[in-house]
Amino acid sequence: MARNKHPEQTVNLILDTAFRLFMEKGYERTSIQDIIDNLGGLSKGAIYHHFKSKEDILYAVADRMSAGSSQILLEIRDLPDLTGLEKLKLIFQHALNHSMQEQLFIAAPDFSKNSKLLYSVLRETIDDAAPNYILPVIRQGIADGSIQTECPEELAELIMLIANMWMNPLMFNCTVEKSRRKFLLFRQIMQGFGLDIVDDEMLERLLELAALFVEHK
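The following refers to the structure shown. Each chain has its residues counted from 1, following the order in which its sequence is written. Where totals are concerned, whole chains, interfaces and linings use all residues; where local detail is concerned, this predicted model gives features only for residues with pLDDT of at least 70, and gives and counts side-chain atom pairs only at 80 or more. No hydrogens and no water enter the side-chain calculation; it runs on all heavy atoms of the structure.

### Describing helix α7 (residues 115–144)
Working note: α-helix, 3.6 residues per turn, so residues spaced by three or four point in the same direction. Rules: A run of H or I in DSSP counts as a helix once it spans at least four residues, and a run of E counts as a strand once it spans at least two, with each numbered from the N terminus. The span expected for a helix works out to 1.5 Å for each residue beyond the first. To get the bend at a residue, fit one axis to the 7 residues ending there and another to the 7 starting there, then take the angle between the axes. Under the scheme applied here, a residue whose accessible area is under 20% of the maximum for its type counts as buried, over 50% as exposed, and between as partly exposed, the area being computed with a 1.4 Å probe on protein chains only.
In this model, α7 (30 residues) spans 40 Å end to end at C-alpha, consistent with the 44 Å of a helix rising 1.5 Å per residue. Approximately 55° is the largest bend angle found in α7, and it occurs at A130, with the proline P131 only one to four residues beyond. All of the buried residues along α7 are L117, V121, T125, I126, A129, A130, Y133, I134, L135, V137, I138 and G141. Downstream of α7 by a residue or two, G145 has a phi angle that is positive, lying close to 90°.

What follows is the structure, encoded as structure tokens:
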């Protein structure tokens, strides 16, 4: 078999094709064969040379979608003129209003049917999001007086577990009404910690995304 002289182009073609199909058909209804059939002559071997499974393709698609978002979160974390509490609210605003959210909610898999994917989100939440974005902001908030807690690491994990997992409509196939009630309880919990970080505008945005997921699942 001839050596692939342009592996990066091949990977990009696979990811572009897979993402388009995930958007059109949904992840669950897109097969590896569907992706192959839309690659313009590339073989199944070309896919499996770069990706072991459809799940691996999904991971790569998600990584590419989130790359810009991660950079923005780092920029928010390191802003010099905001309190920790203000940064925490800005992080939530960005997470809900990021331009890729609509595409994510349309193309997302059914996490309730895939424990491996669900666990990967859980580990990323605990090992990456909480310590790298939320914890530094909470520590700053403690230092500047805008956040009061004696357990910053645990609070960072709690916030992200609720937001990324429990409150996320993608995780448990929530109805729009269920998503609304979860958001309201999350706001009440955060206010109990003195963290007024979510508002009615964020609620409306979450409900828009939840409705989008329900429509396309």
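### Digging into the packing of aromatic side chains
Formally: Centres within 6.5 Å make a pair out of two Phe, Tyr or Trp rings, where for Trp the six-membered ring is used; the pair is then stacked when the planes are under 30 degrees apart, edge-to-face when over 60, and tilted otherwise. Over a ring means this: the NZ of a Lys or the CZ of an Arg is within 6 Å of the ring centre and within 35 degrees of the ring normal.
Inspection of the entire model under this criterion finds two aromatic pairs. Arranged with centres 5.2 Å apart and planes meeting at 65°, the rings of F22 and Y27 form a pair that is edge-to-face. Taken as a pair, F22 and Y27 share a single burial class, namely buried. Summarising the aromatic geometry, the rings of F92 and F186 are spaced 5.7 Å apart at their centres and angled 35° between planes, so their arrangement reads as tilted. Placement of F92 in helix α5 (residues 84–97) and of F186 in helix α10 (residues 176–192) is noted, with a sequence separation of 94 residues between them. For the pair shown, F92 and F186 are each scored as buried. K54 extends its terminal NZ or CZ atom over the ring of Y27, reaching a point 4.2 Å from the ring centre.

### Points about the nonpolar core
Filter applied, for reference: What we call a nonpolar core is a set of buried Ala, Val, Leu, Ile, Met, Phe, Trp, Tyr and Cys residues that are connected through their side-chain atoms within 4.5 Å. Contact between two residues is taken to exist if any of their heavy atoms lie within 4.5 Å; hydrogens are not considered.
Among the nonpolar cores identified, the biggest contains 62 residues, and I57, L88, F92, I159 and L195 are the most heavily contacted of them. The biggest single contributor to this core is α7, with nine residues. In contact with I159, not counting residues within four places along its chain, are L88, F92, I138, F186, M190 and L195.

### Comments concerning the pattern of salt bridges
Here is the rule we go by: Put simply, a salt bridge is a Lys or Arg side-chain nitrogen that is within 4 Å of an Asp or Glu carboxyl oxygen.
Counted according to the given criterion, the structure contains twelve salt bridges. Between K89 and D199 there is a salt bridge, with the nearest N and O atoms lying 3.6 Å from each other. Of the two residues, K89 sits in helix α5 while D199 sits in the loop between α10 and α11 (200–216), which places them 110 residues apart along the sequence. Of the charged contacts, one joins R187 and D200 as a salt bridge, the two residues approaching to 2.8 Å between their closest N and O atoms. On the criterion of sequence distance, the pair formed by R187 in helix α10 and D200 in helix α11 is long-range, its members being 13 residues apart.

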